[in-house]
Amino acid sequence: MCFRLLSPIRRGSIRGMVPPESPGSEATRGFHGSPPWEKIAHDPDFRRLLADKIKFVVPATAFFLVYYFALPVLVGYAPKMMSTPVLSQLNAAYLFALSQFFMAWILAAFYVRAALRWDREADAVLKKFDLK
Amino acid sequence: MNVAPFLAIAATKSHTALWMFLSFVAATLVVTWWSARRSSGAAAYFAAGRRITGWQNGLAIGGDYMSAASFLGIAGMIAFNGYDGFLYSVGFLVAYLTVLFIVAEPLRNTGKYTMADMLAFRMSPRPVRAMASLSTLTVSTFYMIAQMVGAGALVKLLLPGVSYEMAVVGVGGLMIIYVVFGGMLATTWVQIIKAGLLITGSLLLSVLVMRHFDYSFPKFIDAITHVSFHKNGVLVTQNFLEPGLKFGAAVTHGWGPLDMISLGLALVLGTAGLPHVLVRFYTVPDARTARASVVWAMIIIGAFYLMTTFLGFGAATILTPDNIVVGGKPNDNMSAPLLAQALGGEVLFAFISAVAFATILAVVAGLTISASTSFAHDFWTNVVHHTREHRPDEEVLVARVTAFVVGAISIVLAIKLQTINVAFLVGLAFAVAASANLPAIVLSIFWRRFNTAGAVTAMAVGLASSIALIVISPSVMGTDAKALIYGAPLFPLKNPGLVSIPLGFLGAILGTLFSRERASASKFTELEVRANTGLGAEKATEH
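Parameters and conventions
- Residues numbered from 1 in each chain as written.
- Chains lettered and ligands numbered in written order.
- Predicted model: local features only at pLDDT ≥ 70, side-chain atom pairs only at ≥ 80, totals over all residues.
- Helix = DSSP H or I, 4+ residues; strand = E, 2+ residues; numbered from the N terminus.
- Rg over C-alpha atoms; globule rule 2.2 N^0.38 Å.
- Buried ≥ 20, exposed ≤ 12 C-beta atoms within 10 Å, placed from the backbone.
- Contact = placed C-beta atoms within 7 Å.
- Pairing = 2+ DSSP bridges.
- Expected span 1.5 Å × (residues − 1).
- Axes fitted to C-alpha atoms, helices over the stretch in contact; angles between N-to-C directions.
- Parallel < 35°, antiparallel > 145°, perpendicular 65-115°, else oblique.
- Nonpolar A, V, L, I, M, F, W, Y, C, P; charged D, E, K, R; others polar.
- pLDDT = per-residue confidence, 0-100.
- Core = buried A, V, L, I, M, F, W, Y, C linked by C-beta atoms within 7 Å.
- Left-handed = near helix turned anticlockwise from the far one by under 90°.

Turning to the overall build of chain B, a few remarks are in order. What chain B contains, in helices and strands, is 18 helices and six strands. For chain B, whose C-alpha radius of gyration is 23 Å, the value lies close to the compact-globule estimate of 24 Å for 543 residues. Seen through its principal axes, chain B has C-alpha atoms that stretch 80 × 55 × 45 Å. Put simply, chain B has 543 residues, and 63% of those count as buried.

Moving on to the overall build of chain A. Assigned secondary structure in chain A consists of five helices and two strands. When the helices and strands of chain A are read in sequence order from the N terminus, they spell out α-α-α-α-β-β-α. Taking all 132 residues of chain A together, 21% fall into the buried category. Intrachain contacts of chain A at a sequence separation of at least 6 include 58% that bridge at least 24 residues.

Right, let's talk about the pairing of strand β2 (residues 234-238) of chain B for a bit. All names here are of chain B. Of all five residues in β2, zero are buried; the element is thus mostly exposed. Relative to β2, strand β1 (residues 227-231) runs antiparallel, the two being bridged by five bridges. The residue of β2 that forms the bridge with F229 is V236. Linking two consecutive strands that pair antiparallel, namely β1 and β2, is a turn of two residues; a positive phi of about 50° is found at N232 within it.

Each partner contributes residues to the interface: chain B has 60 residues there, and chain A has 54 residues. Those elements that place two or more of their residues in the side of chain B that touches chain A are α2 (42-47), α5 (83-110), α6 (115-122), α9 (217-224), α10 (256-270), α12 (287-319), α13 (335-384) and α18 (518-533) of chain B. Counting residues per element, the side of chain B that touches chain A draws most heavily on α5(B), at eleven residues.

For α10(B), with 15 residues, the first-to-last C-alpha span of 20 Å sits near the 21 Å given by 1.5 Å per residue. Taken across its 15 residues, α10(B) has 15 buried, putting it largely inside the fold.

Right, let's get into the environment of V30(B). Take V30(B): it is sitting in helix α1 (residues 4-38). For the pair V30(B) and A186(B), spaced 156 residues apart in sequence, the C-alpha to C-alpha distance is 9.3 Å.

Let's shift gears to the packing of α5(B) against α12(B). Residue and element names in this part refer to chain B. Axis separation between α5 and α12 bottoms out at 9 Å; the angle between their running directions is 175°. When the interaxial angle is binned, α5 and α12 end up roughly antiparallel. Contacts from G85, F86, S89, F92, L93, Y96, V99, L100, A104, E105, R108 and N109 of α5 reach α12 at A287, A290, R291, V294, A297, M298, I301, G302, Y305, T308, T309 and G312. Of the residues contributing to the contact of α5 with α12, the split by class is 14 nonpolar, seven polar and three charged.

Let's shift gears to unusual backbone geometry. Residues apart from glycine generally show negative phi values, whereas peptide bonds are mostly found in trans. Residues and elements named next belong to chain B. At A48, a residue that is not glycine, the phi angle is positive and equals roughly 50°. If you trace the backbone, A48 turns up in the loop between α2 and α3 (54-65). Even without being glycine, D214 reaches a positive phi, approximately 55°. Take D214: it is sitting in the loop between α8 (164-212) and α9.

It is worth spelling out the confidence of the model for chain B at this point. All names here are of chain B. Of all residues in chain B, 96% have pLDDT values of 70 or greater, and the mean over the chain is 89. Across chain B, element-level confidence peaks in helix α17 (residues 497-513) with a mean pLDDT of 96 and bottoms out in α1 with 75. A low-confidence stretch, residues 1-9 (pLDDT under 50), is modelled with zero contacts involving residues beyond four sequence positions or located in other chains. Interface confidence for the predicted complex, given as ipTM, is 0.91, next to a pTM of 0.89.

Moving on, we get to the nonpolar core. Core analysis: the biggest nonpolar cluster contains 220 residues, and Y96(B), L119(B), I301(B) and L361(B) have the highest contact counts within it. The residues contacting Y96(B), other than those within four sequence positions of it, are A104(A), T271(B), V294(B), A297(B), M298(B) and I301(B). Formed by eight residues, the second largest nonpolar core is a distinct cluster that contains W37(A), F46(A), L49(A) and L535(B).

With that settled, the discussion passes to the environment of V284(B). Residues and elements named next belong to chain B. Topologically, V284 is positioned in the loop between α11 (275-278) and α12. The exposure class assigned to V284 is buried, which follows from the 27 C-beta atoms found within 10 Å. With 231 residues separating them along the chain, V284 and T53 place their C-alpha atoms 6.2 Å apart. If sequence neighbours within four positions are ignored, V284 has contacts with R50, I52, G54, N57, R108, T289, A290 and S293.

Summary statistics for chain A give a mean pLDDT of 80 and a share of 76% for residues scoring 70 or more. A low-confidence stretch, residues 1-31 of chain A (pLDDT under 50), is modelled with 33 contacts involving residues beyond four sequence positions or located in other chains.

All names here are of chain B. Taking 1.5 Å of rise per residue, the twelve residues of α3 would be expected to cover 16 Å, and the 16 Å separating its terminal C-alpha atoms lies within 8% of that figure. Counting buried residues along α3, ten of its twelve residues qualify, which places the element largely inside the surrounding structure. All buried positions along α3 are accounted for by Q56, N57, G58, L59, A60, I61, G62, G63, D64 and Y65. In this structure, the buried residues of α3 make contact with α8, α11, α12 and α13.

Moving on: the packing of α5(B) against α10(B). When two helices pack together, you describe them by how their axes are tilted relative to each other and by the distance separating the axes. Residues and elements named next belong to chain B. As a packed pair, α5 and α10 sit with axes 7 Å apart at the nearest point and diverge in direction by 35°. Handedness of the crossing formed by α5 with α10: right-handed. Across from L87, G91, F92, V94, A95 and T98 in α5, the residues of α10 making contact are M260, G264, L267, V268 and L269. In the contact of α5 with α10, the residues fall into eight nonpolar, three polar and no charged.

As a further point, take the environment of T512(B). Residues and elements named next belong to chain B. For T512, the position within the fold is in helix α17. Its 22 C-beta neighbours within 10 Å are what place T512 among the buried residues. Along the chain, T512 and N451 lie 61 residues apart, while their C-alpha atoms are 5.8 Å from each other.

Here you go:
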């Protein structure tokens, strides 16, 4: 409650000066008054969207950090092992470094696929509140 | 021996290169003129009207990010040290996963022109903006000096007859023209053109390297595993795929591997805190386009760093380190241009030189606009003037003046510092971005309790500890004549990230826990909705 009373004042001070070419805050263009942030934030569909995102982003970030740092750790502390030829003369060190590129691209592709679903879910939440 | 033919070659070489330089400069000036005519108003100047498309912004991010240090530096490192140089390449791409997963979309949805917009959204705007602006200006200045000193040294080599000072003034002057007159739109197109040239040049060189080996990978790899060159006067044959030639424990008093990990941490976390990369996300219409642009950037950046295999190992095998020599001294930065000369003659040498020049210009222009945007928008308008513009378009005017001042200062510093090895400043920029900016950005997205004191402490501690650790590191301290400070280094690593990044996060947590602030937690609710739905996000300007 306290938050909503304060909100218009704080918004003015926080969102910074308004560029001369756009009178009125762009944030509120298209609907009257401030959007019901609290209500949206507590909407079950919105909470599910956030949980969905976390369920992807946290494990994916943990995975790429471990996968990436395994490279300097292995190459730095087990150089003999990483020098073993694997594919004809290509050694484990080079192949592992090369695989990082494909790891990054594949994870990005997974993210984009999931994000398309989140876009639809976010749009559905906004529609529910008549904001889209 | 008749020297005339050599002089003639030198003359034609410098002419071809000069013409290519000049045509690039002419093209970018046309772009600047075109941008200056189109843009009016703050959103146009700072964010190109938010009407850059996904692939355009992706190319521009690549153009902003892939510096001459990558193009010439990594190729050279691979040419002289083999695998360890390639190890360097990997982190630059993986870093974009952090940008894609965590930063790009929330930043676009909750900000206007700078990363401080998002922080100020939840927190008391004046302290966080002042601190963020300080950190942005520090990162940009360090990075810029490194680029400008590199530019001066490079142009001197590539264009005989042009002095270091002329090169620095030329690069600085062009950068000022792009940013002061053309704003973000001109900067974006300079970066797009550069990215196109860089990819074309690298692709061309890669194909020529493979042609040299009859398009046979086994032949190429066989050559890489048997590189013969003189080491301390003795002919040795080395397997260049073997790790450890540069960063191995044996050649670095045991600290090399840890230094590599520290550098990796700064790359992977710092990229998502680099102000000149972050401002690019405000140039697109919405968060979905911001996401698409990161994906385009990852394709371009990944392709480029993958090709460092051909540029670097190509130079190692075709030229061998014995022949990468300028004026009688080995010069690893010249590996790619000399490889071009060997494979494609003077025209290709000139083209690759022009690409290197374009690369530097695009990066320094990006740094200048992010520094001047932060000063004008964060510091001038929101800290000094309490969010009110005193005159119409004052913010843009302040930014233009700042761009001019930043450019002039960089020119002077680059000329003063020309004899000093400033390569470590690039690492420092990444370390500050990772230790000061990233904790503040990530925690304001994910931590409800996070507040003003936490954000300011994080940025202050991250900034101060990165700089302090660099000053007492082997990059600055040493016992030989080249060291900036004489004395045994007090900190063993060249890259401070491993210590300064945890310190930044620690500062954020302690600063938050030892202070009370209600508004920040309640604004978090609004930020969460904005960040995840795009509700209320800044729209593209209508034309």
